Each structure stands twice: as structure tokens, then as C-alpha cells.
Amino acid sequence: MQFCDNCGAVLNLLEFPDEELCYSCRKKRDTEEAAKNPPPPQISTPTAEFNISSLANAVLSHENNQLVLRSPEGWILWSCPDNTTSTMEKIVSRAERILEIRNKRKPVK
């Protein structure tokens with residue numbers, strides 16, 4: 001039988017065969033180490049928030065033998081020749097991606 005080096009509690013040999021501390025002592029040690037060594041702060045760059053409602057207000061039109069999806073601001077979010085087919089999933093995913101990129105480029109107010 002093995003005992004915890006810190007508090008003397010009986011160790012469960014099947015669960016922690018190579019440990020010398022019980023679960024509660026290991027947990028306490030880990031939290032103390034985490035408090036001593038906090039993770040470095042993440043530097044965030046201000047960007048415009050992605051507004052999915054712009055996609056809901058987008059307009060699908062037929063221009064110059066192409067189907068065109070435009071945002072309310074006038075950006076072309078997606079287009080394809082009118083003689084081809086495309087799934088809604090593909091259209092929406094590409095339009096969302098373009099909206100996301102465009103919104104990142106907008107200056108933050």
C-alpha cells in the first residue's frame with residue numbers, strides 16, 4: 001500500500017501507480033503552480049464585429065448573364081454564371097467568408 005507524501009492519504013494504485021501525491025494534493029499543487037505562472041495576456045486587435053444580418057439583407061440579382069449576391073453596402077458577396085448550378089450551402093459559406101473579410105477591413109469607430 002502507498003501513501004500520499006503530502007497528506008498521508010492512501011493512494012489508489014490502479015489509478016495513479018506512478019504518483020506520490022493523492023488527487024487533492026496534486027490538484028492543489030497544480031492550482032498553486034498556475035497561480036505562480038499565469039498565462040501571458042493575449043493581445044487583441046480591434047476589428048469590426050462580424051454582422052451576419054448583412055447576409056440576411058443581401059440581394060440576389062441577375063446581371064450580365066451572372067447571378068450576383070450583393071450586400072446592402074453594395075459588395076459582391078458571391079457570383080456565378082447563370083448557366084451553372086450551386087448549392088445554397090456553398091453560396092452562404094462563401095458569402096459569409098467575404099462578409100467576414102470585408103468587416104475586418106472596415107475601420108473601427
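Residues numbered from 1 in each chain as written. Predicted model: local features only at pLDDT ≥ 70, side-chain atom pairs only at ≥ 80, totals over all residues. Heavy atoms only, no water.

Engineer: Report on the overall build of the protein chain, specifying residues and quantitative values.
Structural biologist: Check the secondary structure of the protein chain and you find three helices and three strands. Helices and strands in the protein chain line up, N terminus first, as α-α-β-β-β-α. Here the protein chain, with 109 residues, has 19% of them falling under the buried criterion. Expressed as a percentage of contacts within the protein chain between residues at least 6 apart in sequence, the contacts between residues at least 24 apart total 24%. Accessible area of the protein chain: about 8,700 Å², with a carbon and sulfur share of 53%. (Helix = DSSP H or I, 4+ residues; strand = E, 2+ residues; numbered from the N terminus. Buried < 20%, exposed > 50% of the residue type's maximum accessible area, 1.4 Å probe, protein only. Contact = heavy atoms within 4.5 Å. Areas by Shrake-Rupley, 256 points an atom, 1.4 Å probe, with all protein chains shown as cover.)

Engineer: If you had to explain the environment of Ser79 to someone new, which residues and values would you point to?
Structural biologist: Note that Ser79 resides in strand β3 (residues 76-81). Separated by 19 residues in sequence, Ser79 and Leu60 place their C-alpha atoms 9.2 Å apart. The residues touching Ser79, leaving out its near neighbours within four places in the chain, are Gln66, Leu67 and Val68.

Engineer: Explain the pairing of strand β2 (residues 66-70) residue by residue, including any values.
Structural biologist: With five bridges joining them, strand β1 (residues 59-63) and β2 adopt antiparallel strand pairing. Paired with His62 across the strands is Leu67, a residue of β2. Here β1 hands over to β2 after two residues, with Asn64 in that stretch at a positive phi of 50°. With five bridges joining them, β2 and β3 adopt antiparallel strand pairing. The residue bridging Leu67 from the neighbouring strand is Cys80, located in β3. (Pairing = 2+ DSSP bridges.)

Engineer: Describe the side chain of Ser71, listing the residues and the values that go with them.
Structural biologist: Counting through the fold element by element, Ser71 comes out in the loop between β2 and β3. Of note is the side chain of Ser71, whose polar atom sits 3.0 Å from the side chain of Glu73. Those residues in contact with Ser71 that lie beyond four places of it in its chain are Ala58, Leu77 and Leu99. (Polar contact = N/O pair within 3.5 Å; in protein donor to acceptor, adjacent residues only side chain to side chain.)

Engineer: Tell me about the pattern of salt bridges, and name the residues and values.
Structural biologist: When their charged atoms lie close together, side chains carrying opposite charge are able to pair. Enumeration over the complete set of coordinates arrives at three salt bridges. Among the ionic pairs, Asp30 bridges to Arg29, the shortest N-O distance being 3.5 Å. For Asp30, a relative accessible area of 41% translates into the label partly exposed. Looking at Arg29, the relative accessible area reads 33%, which means it is partly exposed. Between Arg97 and Glu100 there is a salt bridge whose closest N-O contact spans 3.5 Å. Taken as a pair, Arg97 and Glu100 lie in helix α3 (residues 88-105) at a separation of three residues, close to a single helical turn. For Glu100, a relative accessible area of 31% corresponds to the partly exposed category. (Salt bridge = Lys/Arg side-chain N within 4 Å of Asp/Glu carboxyl O.)

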